[in-house]
Every structure is written in structure tokens, then in C-alpha cells.
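The residues making up each chain are set out below.
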Amino acid sequence: MAVNLFQRGKSKALLQSMEKAEDYAQWSELAAAWDHEQGLDDWKQDDACESYDYRSIRQRLDILRDLRFRKDWHQLLFVLNEGVHGNLGGIGKPSLYNKARLGTKNLITRYIDELCGALNDLNEVDDEIVPLAEKQDFFLRASHCNGRTALMLSGGAVLGFFHTGVLKALFDQGLLPEIISGSSAGSILAATACTHPDVELRERLSLDNLHHEVEETTAIRPSLTLFGGSRAMDVDNLRDYLAKIIPDMTFQEAFELTGRKLNITVTGLSTQQAPRLLNAITSPNVLIRSAVMASCAIYGIYPPVTLMCRNAAGETVPYLPGMKWIDGSFADDLPAKRLARLYGVNHFISSMTNPAALAITPDPDAPRSRLRNLAHFQARFLKLGAAEAMRFTRDNVRIKSPVINLMQHLTYGVLAQEYTADINIFLRNRWDHPLRLLAPPTREAMHRLIHEGERSAWEKVEMVRNCTSVSRTLDNILHTRGWEK
């Protein structure tokens, strides 16, 4: 009994220390110690598990090791043609990463390391053994089959600074995807990440760079001051703030500078106006700041925005001057389908701070229990029912007021969306009163949000590392060779 109490006390102390960790190295050391205390080292060492096809993975690992040892490059090429596919044998399932605090089955990590080593070996084989044209064909096909990873940053008003910690954690581990989308508040951080090269990025994501005091104005919104005196950042404050943290450049210029593919969602003000995903492919000359302003234009609080672009003469002019745009999270908070179509993405990481989404979407990666399964089912049922009711009302109840019609359209858009991805980094704490979400955060509040973003991302780092290792290896080979399409 005394031993059990001592072990529980030690485990609790480790969890408390993990909450206070200052960096991933410290956190991962504590997480490994917690796993050891819980006896999970044996679970990691044991290949067997019903969540994935461990027999197939073990067999493929042995084959790859043997072929690399014997330098049988042609047979290795044949075997790799069979097996470079995302989530082979179910090795990317969240259930394989929920049991332990750090990592998963050792077999999975060994297999991924061996596969990436085989890809690098094949790339370096003399062209007289494996012709260059054959290599190029293989790596292009392998990249297409395996797919790419995108990071999607949700809306969430002031809570969006949580994304900063997620970006920092992934960047520090060399795991930040090249393809990043942002909606509403998420567009601010996505734009920050995609308009600064690697040598500047960590500084640009720092608290000192992101926190700026907002000047007091007389434009205080009564709807917000009724509940605690919060002052909303008005449109001029927001424009000035973006000018301090995001350079004046187009989507194409940002891509040429950083190599990162920025995507920002905006919603049409008219119900007949389809939402847009703005990026260097669909709108290369649009100015990023104007796209962020549009994506942050919460209907009824900030005015709709006309997008701006740079024309052939270098002048700033309206883009689609007859159209106005509002908050991107209303229609496409996590634009997975569009990213898949544009970039060949088939693996998604979400950083979720959207209060509406959090209210109706339980974290799908959290460990399941009977009670949690029931809660998940009930939330899903209520969401679908509410979405269907709103769709029926929108499509069948004719109201003359265009404002009410637009509100119905936007409400249905919020309810009907899918808010989960392959890897989900969810905000755990619900910060402050919802009507204060538009008020500029204090330095302390922003620090807490950034730290929580880092800490939440640390829990997913090894899952991200394993699930993106092959695509990062393939992308690096294609970049180095100049074979990108």
C-alpha cells in the first residue's frame, strides 16, 4: 500500500513538473520518466497491438534492413514502390499515441526510420546503377502516393495566440509543415509564419514581437462593455497591429521569400458568394494584410473588407472590387478539401481554438472510455441535428430581411463544418468571458496562451514526427534535386 501511494505521488509530481516545463527537451525527459513509472516501457517494446498491423510492419522492416545491408538497390526500389503510402498498416492511428506520454511502439519508430533511410540510400545510389530518370520517376510517384502534410490554424479571436505556441513548438523541432492555412485569428499567425524566413521566425513568434499595447479609442463597442468593461480592438487598431507584425507583401512574394505556402480563408458577404481560399496559386497578387483583415472581419463587429492587390505597375488597387469579404471561419475554418486539391495534402494537423467548434466537437484524439464515447456520440448527434434544422430553415423559411438570411447562412456554415483532422491540437482551457474575446490580451494572458500552445503541441510532437517523417524525407529529396512540380 505504501509503495502504491509513493508511486502515485511520484507520478503526480511528474505531471505537475511537465506542466511547468520550459522547453521540449525538459518536457520529454519528464514524460519519459512518467512512462517508465507507469510501466509503459514494456508496452512500447512489445510489438503486438490490435490498433495496427504489427506483423506486416515487422516483416517489411526485416525486408528493408536486409536489402539495405546487401545493397540490392533494384529490389529495394521494387519493395519501396509497394510500400510508400501514408498510414501503412494503421501506424498513424491516434490510439497508438494516447497510451504513453512520449512516443509509441518502438517497432513503428524503427520502421519509419528504416524506411526514410532506404529512401535516402536510393537517392544517393550511383546513377549508373539506378538511372537518374528512374529515380526521378520513383520519387515523384512516391511523393504523390504518400501525400503531404498541412497545418491548419482555426479562428478563435484572442485565443488564436495559442497558435503561436504550436508554431514555435513545431518549428523548434524542425516539424513545421510548408503548407499552412489560417482562418480569422489563425490567419494572423499563419501570415506571420509564412512571411518571415527561418532565420527570423522564432523572434517573430516571440511575446515581445507579438504583444503591442493598443491605443485607447472612443470607439468602444457597447455590446462588449456591458459585460466587464472590455474594450474591443477597432478596425484601425487591427490594421495598425497587422502592419507591425506582417510585412507588406503579396502571397507570391511571401512564397518566394520563405518557401512556405500560406493559405487564408475568407467568407463572401453575399449568400450567393462562394468562400475563397487565398494563396499564391489562386490569388498570387493579393496583399496578405488585406486578406487577413478580411478573414478577421467578424460579421456585425468589424466592417466587411474589399481585398487589395498589387497590379502589374506595382500599384495597390482593389481585387474583385464589387465583392466584400468577412470572417473566414464562418464557412471554412479548416479548409482540408481545398488544400488537398491544390497541394496534394492527405494528412492534416489542426490547431483548434474556435470557441464554437470547441463547444460542439470533443477532442477525437483524447483517450476513449464508455462515458467519453457516449458524450462524443451525443455531441455529434446534437451538432448534426442542429445543422440539419438550420439548413431546413435557411432553405425553406423565406424571410425578407437580408441580414437574417445571411445570419442563417453563416450559422449553418459554422454547424455543418468538420473541425477535426488527423492530428488535433486542442485548446484545453476556455479563456475568460466569451464577450471579452475581442479585447486586446494583456501581456500575461498572451504569455499563458503561447505557453499552453507549446505545451499542447509537445504532447503531439512524436506523433507529428513519425507521421510526417516520410513526406519530409521525400520533400527534401525533391527540393535538393529540383524535381518539384
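These figures come from a predicted structure and were not determined experimentally. (Residues numbered from 1 in each chain as written. Predicted model: local features only at pLDDT ≥ 70, side-chain atom pairs only at ≥ 80, totals over all residues. Heavy atoms only, no water.)

1. Brief notes about the overall build of the protein chain
Okay, so step 1: Per the secondary structure count, the protein chain includes 23 helices and nine strands.
Okay, so step 2: A buried classification covers 48% of the 485 residues belonging to the protein chain.
Okay, so step 3: Within the protein chain, contacts between residues separated by at least 24 positions form 77% of all contacts whose residues are at least 6 apart in sequence.
Okay, so step 4: When the accessible surface of the protein chain is totalled, it reaches about 23000 Å², and 54% of it is carbon and sulfur. (Helix = DSSP H or I, 4+ residues; strand = E, 2+ residues; numbered from the N terminus. Buried < 20%, exposed > 50% of the residue type's maximum accessible area, 1.4 Å probe, protein only. Contact = heavy atoms within 4.5 Å. Areas by Shrake-Rupley, 256 points an atom, 1.4 Å probe, with all protein chains shown as cover.)

2. Overview of the packing of helix H7 (residues 106–124) against helix H8 (residues 132–146)
Okay, so step 1: Between H7 and H8, the shortest axis-to-axis distance is 10 Å and the interhelical angle comes to 150 degrees. Taken together, the axes of H7 and H8 lie roughly antiparallel to each other. Two packed elements cross with a definite hand, and for H7 against H8 that hand is left-handed. On H8, the residues that touch Leu119, Leu122, Asn123 and Glu124 of H7 are Lys135, Phe138 and Phe139. (Axes fitted to C-alpha atoms, helices over the stretch in contact; angles between N-to-C directions. Parallel < 35°, antiparallel > 145°, perpendicular 65-115°, else oblique. Left-handed = near helix turned anticlockwise from the far one by under 90°.)

3. Topic: the pattern of salt bridges
Okay, so step 1: Tallied over the full model, the rule gives 28 salt bridges.
Okay, so step 2: Asp208 is the salt-bridge partner of Arg443, the closest N and O atoms lying 2.4 Å from each other. With Arg443 in helix H22 (residues 443–458) and Asp208 in helix H12 (residues 207–210), this residue pair connects regions lying 235 residues apart in the sequence.
Okay, so step 3: Since its relative accessible area comes to 40%, Arg443 is described here as partly exposed.
Okay, so step 4: Relative accessible area serves as the criterion here: at 55%, Asp208 is assigned to the exposed category.
Okay, so step 5: Connected through salt bridges with shared partners, the residues Glu19, Arg428, Glu452, Arg455 and Glu459 form a single ionic network. (Salt bridge = Lys/Arg side-chain N within 4 Å of Asp/Glu carboxyl O.)

4. Quick notes on the environment of Lys244
Okay, so step 1: With respect to the helices, strands and loops of the structure, Lys244 is situated in helix H14 (residues 235–245).
Okay, so step 2: Sequence-wise, Lys244 and His212 are 32 residues apart; in three dimensions their C-alpha atoms are separated by 8.7 Å.

5. Re the nonpolar core
Okay, so step 1: By size, the foremost hydrophobic cluster in this structure holds 126 residues, and its most contacted members are Leu80 and Ile288.
Okay, so step 2: It is H7 that contributes the most residues to this core, nine residues altogether.
Okay, so step 3: The residue makeup of this core includes at least three contributed by each of domain 1 (1–147 + 467–481) and domain 2 (148–353 + 419–460).
Okay, so step 4: In this structure, Ile288 is in contact with Ala191, Thr195, Ile246, Met249, Thr250, Phe251, Ala254, Leu262 and Ile264, ignoring residues within four places of it in sequence. (Core = buried A, V, L, I, M, F, W, Y, C linked by side-chain atoms within 4.5 Å. Domains from an automatic or database assignment.)

6. Examining the packing of helix H4 (residues 54–70) against H7
For any two helices packed against each other, the geometry is given by the interaxial angle and the distance between the axes.
Okay, so step 1: At a closest axis distance of 10 Å, the pairing of H4 and H7 adopts a crossing angle of 35 degrees. Read as a crossing pair, H4 and H7 show a hand that is left-handed. Along its contact with H4, which presents Tyr54, Ile57, Arg58, Arg60, Leu61, Leu64, Arg65 and Arg68, the element H7 presents Leu107, Arg110, Tyr111, Glu114, Leu115, Gly117, Ala118 and Asp121.
Okay, so step 2: Its residues assigned to classes, the contact of H4 with H7 shows eight nonpolar, one polar and seven charged. (Nonpolar A, V, L, I, M, F, W, Y, C, P; charged D, E, K, R; others polar.)

7. Quick look at the confidence of the model for the protein chain
Okay, so step 1: Here the protein chain averages 86 in pLDDT, while 82% of its residues score no lower than 70.
Okay, so step 2: The low-confidence segment residues 216–231, where pLDDT is below 50, has 27 contacts with residues more than four positions distant or belonging to other chains. (pLDDT = per-residue confidence, 0-100.)

8. What to know about the side chain of Arg455
Okay, so step 1: Its location among the elements puts Arg455 in helix H22.
Okay, so step 2: Polar side-chain contacts of Arg455 include one of 2.3 Å to the side chain of Glu459.
Okay, so step 3: If sequence neighbours within four positions are ignored, Arg455 has contacts with Met18, Glu19, Trp27 and Arg428. (Polar contact = N/O pair within 3.5 Å; in protein donor to acceptor, adjacent residues only side chain to side chain.)

9. Brief notes about H14
Okay, so step 1: For H14, the set of buried residues is Asn237, Leu238, Tyr241, Leu242 and Ile245. Taken around the axis of H14, the buried residues stretch over an arc of 130 degrees, which confines them to a single face. (Arc of directions from axis to C-beta.)

10. Concerning unusual backbone geometry
Okay, so step 1: Located in the positive-phi region is Ala157, a residue other than glycine, with phi close to 55 degrees.
Okay, so step 2: With respect to the helices and strands, the residue Ala157 is situated in the loop between strand E1 (148–153) and helix H9 (162–172).
Okay, so step 3: For Ala157, a relative accessible area of 25% translates into the label partly exposed.
Okay, so step 4: Phi at Ser184 is positive, roughly 55 degrees, even though this residue is not glycine.
Okay, so step 5: Tracing the backbone shows Ser184 in the loop between strand E2 (179–183) and helix H10 (185–194).

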